[in-house]
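Structural description and commentary
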Amino acid sequence: MLELRFIRENLELVKEKTAARGLDRALLDNFSSLDRQRRDILQELESGRNRRKSESQEIGTLKKAGREEEAAAKMAATKELGQRLKELEEQLAEIDQRLEEIVMGVPNLCDDSVPLGNDETDNVEYRRWGSPPEFAFSPKAHWELGEEDGSLDFGRAAKLSGARFALLRGFAARLERALISFMLDLHTQRHGYTEVLPPFLVNTASMTATGQLPKFAEDLFKIADSDLWLIPTAEVPVTNIHREETIAEQELPIRYCAYTPCFRSEAGSYGRDTKGLIRQHQFDKVELVKFTTPESSEEELEMLLSNAETVLQLLELPYRVVTLCSGDLGFSARKTYDIEVWMPAQNCYREISSCSNFGDFQARRGGIRYRPKDRNKSTLVHTLNGSGLAVGRTLAAIYENHQQPDGTIRLPEAIRPYFDPRM
């Protein structure tokens with residue numbers, strides 16, 4: 001979240017940046033009046049508390065001097081003052097709550113390098129890698145290939161759980177498992193990440209720290225009668241590993257990678273990508289999370305993007321990288337690159353990974369700080385996140401890009417050690 005004082009001192013800038021994201025400037029219309037009321041109440045509270053302290057001391061002096069009538073009169077006046085202070089504290093609590101609702105609803109400010117735009121059509125291509133494959137036959141969609149050989153079973157998955165679930169069998173199940181191991185090994189052995197296996201259920205404080213709550217509650221799955229939520233991405237538990245902690249600067253950057261299943265309700269997306277593995281309620285991801293200093297966060301974002309790209313390059317999957325425009329940027333991100341993989345049957349690039357720099361937005365929500373070597377005072381870290389690719393979408397891309405005329409799938413060389421057909 002943004003700091004209250006920053007919003008107060010830069011209100012027009014915040015309104016401008018908020019509008020660039022396509023949000024209503026009216027979100028902040030009441031901020032100034034509420035903030036002014038808050039400061040007036042705080043001033044009156046401080047004055048009243050000082051007065052009450054002074055009068056309490058005076059009452060004690062009068063009692064010691066045996067001037068009971070004067071002490072009683074002072075006590076009556078002090079009681080009235082106490083009632084007034086109680087009213088002011090109640091007003092302050094109400095205004096604080098309203099201000100918190102406003103502040104928690106304000107997205108991160110997009111970086112100056114982010115292109116202005118309204119939606120995904122205004123995203124700017126950053127670079128491409130590889131060329132779309134040419135087939136001597138009409139390529140099939142991954143769900144057609146999977147249903148023909150029985151490796152992807154959406155009908156039985158619907159019987160088990162409803163729409164937007166998949167049952168993987170045989171080849172597909174083994175390929176999913178191989179991809180997870182391949183990505184984890186690549187990032188830990190080549191890219192210097194530390195593997196973690198976090199809980200798949202987290203509390204409200206964790207969801208709030210990374211920005212999923214309170215704004216996106218309808219996109220999440222909550223466990224009834226508990227304070228636990230199913231994670232929408234490993235970003236949530238992994239970022240919260242260091243919530244309410246102060247890290248020594250020499251420990252930075254910290255780089256974690258984690259495999260988790262992810263769960264999303266996909267509220268508001270019905271009718272989009274209903275076929276195949278593109279938009280599911282449950283899916284696997286290998287996530288990359290970084291904690292770093294403000295000075296190195298831009299460099300770490302470029303490295304994060306390169307790490308995610310390496311996966312697709314080794315799997316021989318053509319892709320492009322786009323810089324998200326202001327209107328397509330996620331709530332907590334100040335800058336995001338999307339990696340879009342080529343899907344031959346759909347004749348288009350589809351998003352498969354997002355690499356984001358959140359600046360200190362999540363760190364402020366989660367109280368994640370570091371202590372610079374040359375200063376005693378701690379400051380907020382910068383957090384970054386990128387998927388080492390959505391595994392199901394990667395599997396779908398392999399099916400479509402490496403399909404053979406007989407309907408079989410050619411496995412890229414890099415994944416073969418993880419997929420031994422003799423096992």
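Residues numbered from 1 in each chain as written. Predicted model: local features only at pLDDT ≥ 70, side-chain atom pairs only at ≥ 80, totals over all residues. Heavy atoms only, no water.

Digging into the pattern of salt bridges
For the coordinates displayed, the defined rule picks out 23 salt bridges. Between D96 and R38 there is a salt bridge; the shortest N-O distance is 2.7 Å. Separated by 58 residues along the polypeptide, D96 in helix α4 (residues 68-105) and R38 in helix α3 (residues 31-64) bring together distant segments of the chain. When the shortest N-O distance is used, the salt bridge between R255 and E300 registers 2.8 Å. Placement of the pair is R255 in strand β9 (residues 254-263) and E300 in helix α10 (residues 297-314), with a sequence separation of 45 residues. Residue classification places E300 among the buried residues on the basis of a relative accessible area of 5%. (Salt bridge = Lys/Arg side-chain N within 4 Å of Asp/Glu carboxyl O. Helix = DSSP H or I, 4+ residues; strand = E, 2+ residues; numbered from the N terminus. Buried < 20%, exposed > 50% of the residue type's maximum accessible area, 1.4 Å probe, protein only.)

Overview of the sheet that holds strand β15 (residues 379-380)
Across the sheet, which stays open at both edges, the three strands sit in the order β8-β14-β15 with mixed pairing between neighbours. The strands lining the two open edges of the sheet, one partner per strand, are β8 (246-248) and β15. (Pairing = 2+ DSSP bridges.)

As for the packing of helix α7 (residues 171-189) against α10
The description of two helices packed together rests on the angle between their axes and the distance between the axes. Two elements in contact, α7 and α10, have axes separated by 11 Å at closest approach and are oriented at 130°. Considering the angle they form, α7 stands oblique to α10. The crossing of α7 and α10 is right-handed. For the pair formed by α7 and α10, the contact residues are F182, M183, L186 and H187 on the first element and N307, T310, V311 and L314 on the second. (Axes fitted to C-alpha atoms, helices over the stretch in contact; angles between N-to-C directions. Parallel < 35°, antiparallel > 145°, perpendicular 65-115°, else oblique. Left-handed = near helix turned anticlockwise from the far one by under 90°. Contact = heavy atoms within 4.5 Å.)

Observations concerning the UniProt feature "coiled-coil region" (unreviewed entry) in the protein chain
Per the UniProt record, "coiled-coil region" (unreviewed entry) is found at residues 71-105. With 100% helix and 0% strand, residues 71-105 has its two end C-alpha atoms placed 50 Å apart. (UniProt positions renumbered as here; feature names shortened; annotations may be inferred.)

Looking at the domain arrangement of the protein chain
Entries for the protein chain in the domain assignment read domain 1 (4-105) and domain 2 (120-418). Centre-to-centre, using C-alpha coordinates, domain 1 lies 45 Å away from domain 2. With four residues of domain 1 at the interface, the matching set in domain 2 holds 10 residues. Carbon and sulfur atoms make up 49% of the surface buried where domain 1 meets domain 2, a total of about 600 Å² over both sides. Sorting the residues of domain 1 by area buried against domain 2 places A20, R21 and M104 first, and these three jointly supply 83% of that buried surface. Run the count over domain 1 and domain 2 and you get zero salt bridges. At the junction of domain 1 and domain 2, the tally comes to five residue pairs in polar contact (both at pLDDT 80 or more). Taken together, the residues of the side of domain 1 that touches domain 2 break down into two nonpolar, one polar and one charged. (Domains from an automatic or database assignment. Buried area = accessible area lost by both parts, 1.4 Å probe. Polar contact = N/O pair within 3.5 Å; in protein donor to acceptor, adjacent residues only side chain to side chain. Nonpolar A, V, L, I, M, F, W, Y, C, P; charged D, E, K, R; others polar.)

What about the pairing of β9?
Of all 10 residues in β9, eight are buried; the element is thus mostly enclosed. Of the strand pairs in this sheet, strand β4 (residues 194-196) and β9 are connected by three bridges, and their pairing is parallel. When the bridges of β9 are listed, T194 appears paired with Y256. Pairing geometry for β9 and strand β10 (residues 282-292), over 10 bridges, is antiparallel. Its bridge partner lying in β10, C257 is registered against L288.

Some points on the state of the cysteines
Evaluated as defined, the whole model comprises zero disulfides. Here C257 stays unpaired: no disulfide links it, and the sulfur of C262, its closest cysteine neighbor, is 14 Å away. Judged by relative accessible area, C257 falls into the buried class, the value being 1%. (Disulfide = S-S within 2.5 Å.)

Some words on the side chain of T336
As for its placement among the helices and strands, T336 is situated in strand β12 (residues 335-343). On the basis of relative accessible area, T336 is assigned to the buried category, the value being 3%. Among the polar contacts made by the side chain of T336, one reaches the side chain of S356 at a distance of 2.7 Å. For T336, the residues in contact, after removing those within four places along its chain, are V322, T323, L324, L329, S354, C355 and S356.

Description of the packing of aromatic side chains
Tallied over the full model, the rule gives 10 aromatic pairs. A centroid spacing of 4.8 Å and a plane angle of 20° characterise the contact between Y126 and Y337, whose relative ring orientation is stacked. Taken together, the positions of Y126 in strand β1 (residues 124-129) and Y337 in strand β12 put the pair 211 residues apart, joining distant regions of the chain. Under the relative-accessibility criterion, Y337 is labelled buried at 2%. Summarising the aromatic geometry, the rings of F331 and F361 are spaced 5.8 Å apart at their centres and angled 80° between planes, so their arrangement reads as edge-to-face. Here F361 lies in helix α11 (residues 361-366) and F331 lies in the loop between β11 (319-323) and β12, a separation of 30 residues in the sequence. (Phe/Tyr/Trp six-rings, centres within 6.5 Å; stacked < 30°, edge-to-face > 60°.)

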